[in-house]
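Notes for the structure review
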Amino acid sequence: MSLQSDAVFQKIIDGLKDNQAKAKAVNGVFLYKITKDGKVAKEWTLDCKSAKAYEGPAQGVKVDTTLTVADEDMVDIALGKLNPQAAFMKGKLKIAGNIMLTQKLAPLLKTDAKL
């Protein structure tokens, strides 16, 4: 299944290649559960410890933080149309695990690209 947020994660993958030191400074493993119509449609792993991201559950590493967000909300967060803190407060973004690590993620996820 192809989702709008796939472009966001492709941008993250490309960004990690250019900013490995920045990614490793975050020093955490994040599992994104992207939902469509209330059901998890896709999972992405963002492994900042080894500066890589890939589709699917974490492979051989312990997940520090799991983020569950709707496909369209993930796109809006990446484009800056939806503030991650506001999304969390409104229940659009659910976070389990080390919530403080997500604060370090924000600069890494910002995108200037039009998706």
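- An unreviewed UniProt entry lists the chain under the name Peroxisomal multifunctional enzyme type 2, with Drosophila albomicans given as the organism.

**Observations regarding the overall build of the chain**
- Along its length, the chain carries five helices and five strands.
- Projected onto the principal axes, the alpha-carbon positions of the chain cover approximately 35 × 30 × 30 Å.
- Within the chain, buried positions represent 42% of all 115 residues.
- Partitioning the intrachain contacts of the chain with sequence separation of at least 6 by distance along the chain shows that 65% fall at a separation of at least 24.
- Summed over all atoms, the accessible surface of the chain reaches about 6,500 Å², with 52% contributed by carbon and sulfur.

**A closer look at unusual backbone geometry**
- Positive phi, close to 55°, is recorded for N27, a residue that is not glycine.
- For N27, the position within the fold is in the loop between α2 (20-26) and β1 (29-36).
- Phi is positive for A51, which is not a glycine, with a value near 55°.
- Residue placement: A51 occurs in the loop between β2 (39-47) and β3 (52-55).
- Judged by relative accessible area, which is 9%, A51 ranks as buried.

**Section: the layout of surface pockets**
- Approximately 370 Å³ is the volume attributed to the largest pocket.
- Taken together, 23 residues line the largest pocket, and the ones lying closest to its centre are P84, Q85, L93, I95 and T102.
- Among the elements of the structure, β4 (65-70), α3 (71-79), α4 (84-89), β5 (93-97) and α5 (99-109) are those that each provide at least two residues to the lining of the largest pocket.
- No other element matches the seven residues that α5 contributes to the lining of the largest pocket.
- Across the lining of the largest pocket, the residue classes tally to 17 nonpolar, five polar and one charged.

**A few points about a nonpolar patch on the surface**
- Together, F88, M89, I99 and M100 line one region of the surface with nonpolar side chains, adding up to about 430 Å² of accessible area.
- Contributions of two or more residues to the nonpolar patch are made by α4 and α5.
- Looking at the secondary structure, you find I99 in helix α5.
- I99 gets classed as partly exposed once you look at its relative accessible area, which sits at 34%.

**Concerning the packing of aromatic side chains**
- Following the criterion strictly, the structure yields two aromatic pairs and no others.
- Measuring from centroid to centroid gives 5.3 Å for F9 and Y32, while their planes differ by 70°, and the two rings are edge-to-face. Highlighted residues: F9 in helix α1 (residues 6-18) and Y32 in strand β1, separated in sequence by 23 residues. Y32 matches F9 in its accessibility class, with the two residues each being buried.

Cut-offs used in this document
Residues numbered from 1 in each chain as written. Predicted model: local features only at pLDDT ≥ 70, side-chain atom pairs only at ≥ 80, totals over all residues. Heavy atoms only, no water. Helix = DSSP H or I, 4+ residues; strand = E, 2+ residues; numbered from the N terminus. Buried < 20%, exposed > 50% of the residue type's maximum accessible area, 1.4 Å probe, protein only. Contact = heavy atoms within 4.5 Å. Areas by Shrake-Rupley, 256 points an atom, 1.4 Å probe, with all protein chains shown as cover. 1 Å grid on protein atoms, 1.4 Å probe; cavity = no way out; pocket = protein on both sides within 12 Å on 5 of 7 lines; lining within 4 Å. Points joined across faces, edges and corners; volume = space filled by probe spheres on them. Nonpolar A, V, L, I, M, F, W, Y, C, P; charged D, E, K, R; others polar. Patch = residues over 30% accessible without salt bridge, like charges linked within 9 Å, V, L, I, M, F, W, Y side chains within 5 Å. Salt bridge = Lys/Arg side-chain N within 4 Å of Asp/Glu carboxyl O. Phe/Tyr/Trp six-rings, centres within 6.5 Å; stacked < 30°, edge-to-face > 60°.

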